[in-house]
Amino acid sequence: MTFATELENKLRAAYPALYITAREDWRCTEEVRRVVTEVKRLKMLFHRWTVTSGWDASGKCTDPLDALRFAMGSKGRAAWLFTNFHFHMDNAEVVQMVKEAVQANKADGRVFVFVSNIWKVPVELQDDLTRLEFGLPDRALLLERLDYLLADVEQGKVQDTIDRDRVVEAALGMTTWEAENAMALSLVERQTVAPEVV
């Protein structure tokens, strides 16, 4: 089952709180946004919070408690995504507010989605948050990034003999940016994308 299908199923089943571990929170956030906004039968809005930008990059509610209160006071079906909220889960008020939200969210059509690259949840919340894993890029995405990188290089500046399958194989297990950086380094050093450099 794909991440998108698993997420959609949890949202359709009205899970009140999800905790997604992802080494690439930016890519995970985009995938959550895509599922929430493009799957018509969900009929949900999407909102994102960061400690630096608040809700939807508005600068409002940068304080974690204010962010939780704002989301809990909302009406209508929505996914409220909190980025790197694990930094704030050692606060007793935050823990209690998340527990209260879990109880209220199911009835109110809300879901809190916590995205972080580590599972750092206090014992008091571990049974309340459903854990999902967002994986590293697959072959298709790595191939897309390789094509993007090569399209940006001037004709004649790159050797034509790139073993795309071996390059992608070498990049498996890397984040998107790690793979792009390794491919770019290979272009600089060898004027080709060489699997042994990636």
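See the structure shown above.
The rules we used
- Residues numbered from 1 in each chain as written.
- Predicted model: local features only at pLDDT ≥ 70, side-chain atom pairs only at ≥ 80, totals over all residues.
- Heavy atoms only, no water.
- Helix = DSSP H or I, 4+ residues; strand = E, 2+ residues; numbered from the N terminus.
- Buried < 20%, exposed > 50% of the residue type's maximum accessible area, 1.4 Å probe, protein only.
- Contact = heavy atoms within 4.5 Å.
- Areas by Shrake-Rupley, 256 points an atom, 1.4 Å probe, with all protein chains shown as cover.
- Lys, Arg positive; Asp, Glu negative; His and termini not counted.
- Charge placed at Lys NZ, Arg CZ, Asp CG, Glu CD.
- Phe/Tyr/Trp six-rings, centres within 6.5 Å; stacked < 30°, edge-to-face > 60°.
- Lys NZ or Arg CZ within 6 Å of the ring centre and 35° of its normal.
- Pairing = 2+ DSSP bridges.
- Right-handed = clockwise from strand over helix to strand, strands pointing away.

## Some details on the overall build of the protein chain
Piece 1. Across its full length, the protein chain carries seven helices and six strands.
Piece 2. Of the regular secondary structure in the protein chain, the N- to C-terminal order runs α-β-α-β-β-α-β-α-β-β-α-α-α.
Piece 3. Its C-alpha atoms give the protein chain principal-axis dimensions of about 60 × 35 × 30 Å.
Piece 4. In the protein chain, which comprises 198 residues, the share counted as buried stands at 45%.
Piece 5. Relative to all contacts within the protein chain whose residues are 6 or more apart in sequence, the contacts with residues 24 or more apart total 74%.
Piece 6. Total accessible area on the protein chain stands at roughly 10700 Å², and carbon and sulfur atoms take up 50% of it.
Piece 7. Across the protein chain, the 25 positively charged side chains and the 31 negatively charged ones have centroids separated by 6 Å.

## What to know about the packing of aromatic side chains
To describe a pair of aromatic rings, you give the distance between the ring centres and the angle between the ring planes.
Piece 1. Per the stated rule, a full pass over the model turns up 13 aromatic pairs.
Piece 2. Here Tyr19 and Trp119 contribute two aromatic rings whose centre-to-centre distance is 4.8 Å and whose plane-to-plane angle is 80°, an arrangement assigned as edge-to-face. Placement of Tyr19 in strand 1 (residues 17-22) and of Trp119 in the loop between strand 5 (110-116) and strand 6 (130-134) is noted, with a sequence separation of 100 residues between them.
Piece 3. Seen in terms of ring centroids, Trp26 and Trp177 are 5.0 Å apart; in terms of plane orientation they differ by 10°. Their pairing is stacked. In this pair, Trp26 is assigned in helix 2 (residues 25-38) and Trp177 in helix 7 (residues 176-190), connecting sequence segments 151 residues apart.
Piece 4. Of note, Arg145 hangs over the ring of Tyr148, and the distance from its end group to the ring centre comes to 4.5 Å.

## As for the pairing of strand 5
Piece 1. Here strand 5 lies mainly inside the structure; seven of its seven residues are buried.
Piece 2. Taking every second residue as pointing to the same face, both faces of strand 5 are buried, with Arg110, Phe112, Phe114 and Ser116 on one and Val111, Val113 and Val115 on the other.
Piece 3. Where strand 4 (residues 78-83) and strand 5 come together, six bridges link them in parallel fashion. Within the sheet, the bridge partner assigned to Phe82 lies in strand 5 and is Phe114.
Piece 4. Handedness of the crossover joining strand 4 and strand 5 through helix 4 (residues 92-108) is recorded here as right-handed.

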